[in-house]
Amino acid sequence: MKKLIIMLFCALILVACSSEDGANSESASENSGEESNTKSNGDKSEKTNDSAAVQFRNVGMKIEGGTIQVSGEAKAKDDTFFYKFEQGDSKIVKETSVDLEKNDQGWGSFQLELELTQKVRDAQVMPVITLYDKKQDGTMVNKNYLPVDLRNL
């Protein structure tokens, strides 16, 4: 009998705890609904103003002679994204912006041509191209790393 009472007591505690969690999750989903309504109504919050986003698709890389050619499509919130070319701690190409001309679906094509110096080829560390966007405060977001395989050159 004592075991039955203890089990019922534990079950009541579990039900009460899950009810409190449900109330919290309901209020959280109500709040997220309010946030999405303000965004869709055009009233931007500080988070929305400082956000940045970029997507990439159909990205390809080709190495011919002493040039790396990177091409693809991007969709950026402000029609601009950034790239840099690094090898270990050394910057081969500093941060550079790329402006996109969008098509009807919002995607813009891009083509980058980067020079491969003998110093880059001879180094032991693999060079990496980083494609990304930046927030207003300069924080990098949506980083995409493209390692450049120089072993077969």
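Because the structure is predicted, anything quoted here is derived from the model rather than measured. (Residues numbered from 1 in each chain as written. Predicted model: local features only at pLDDT ≥ 70, side-chain atom pairs only at ≥ 80, totals over all residues. Heavy atoms only, no water.)

(A) Quick look at unusual backbone geometry. One non-glycine residue, Asn 58, lies in the positive phi region at around 55°. Considering the arrangement of structural elements, one finds Asn 58 in strand S1 (residues 54-64). The backbone of Asp 79 sits at a positive phi, close to 60°, despite the residue not being glycine. Residue placement: Asp 79 occurs in the loop between strand S2 (67-76) and strand S3 (80-87). (Helix = DSSP H or I, 4+ residues; strand = E, 2+ residues; numbered from the N terminus.)

(B) Quick peek at the sheet that holds strand S6 (residues 128-134). Taken together, four strands build an open sheet; the order of strands is S4-S3-S6-S7 and the sheet is antiparallel. Bordering the open sheet on either side are strand S4 (90-99) and strand S7 (140-147), each of which pairs with just one other strand. With strand direction ignored, the average angle separating the axes of adjacent strands in the sheet is 20°. (Pairing = 2+ DSSP bridges. Axes fitted to C-alpha atoms, helices over the stretch in contact; angles between N-to-C directions.)

(C) Structural view of the side chain of Glu 73. Structurally, Glu 73 is set in strand S2. Here the side chain of Glu 73 touches Arg 57 through a polar contact of 2.9 Å, side chain to side chain. (Polar contact = N/O pair within 3.5 Å; in protein donor to acceptor, adjacent residues only side chain to side chain.)

(D) Seen up close, the packing of aromatic side chains. Under the definition given, this model contains four aromatic pairs. Between Phe 56 and Phe 81, the aromatic rings sit 5.1 Å apart at their centres with planes inclined by 85°, giving edge-to-face as the arrangement. Of this pair, Phe 56 sits in strand S1 while Phe 81 sits in strand S3, placing them 25 residues apart in sequence. Centroid distance Phe 56 to Phe 110: 6.1 Å. Interplanar angle 80°. Geometry classified as edge-to-face. Linking Phe 56 in strand S1 with Phe 110 in strand S5 (residues 108-115), this pair joins segments that are 54 residues apart in sequence. The pair formed by Phe 56 and Phe 110 is uniform in burial state, with each residue classed as buried. (Phe/Tyr/Trp six-rings, centres within 6.5 Å; stacked < 30°, edge-to-face > 60°. Buried < 20%, exposed > 50% of the residue type's maximum accessible area, 1.4 Å probe, protein only.)

(E) Structural view of the pairing of S7. The pairing of S6 with S7 spans six bridges and is antiparallel. Residue Asp 133 lies in a different strand from S7, and its bridge partner there is Val 141. Once S6 ends, the chain turns through five residues before running back antiparallel as S7, passing Gly 138 with a positive phi of about 95°.

(F) View of the side chain of Gln 87. Examined against the element boundaries, Gln 87 turns out to sit in strand S3. Overall, Gln 87 belongs to the buried group, its relative accessible area being 9%. Only 2.6 Å separates the side chain of Gln 87 from the backbone oxygen of Val 125, close enough to count as a polar contact. Apart from residues no more than four positions distant in its own chain, Gln 87 is found in contact with Ile 92, Lys 119, Val 120, Ala 123, Val 125, Met 126 and Pro 127. (Contact = heavy atoms within 4.5 Å.)

Structural measurements only, silent on function.
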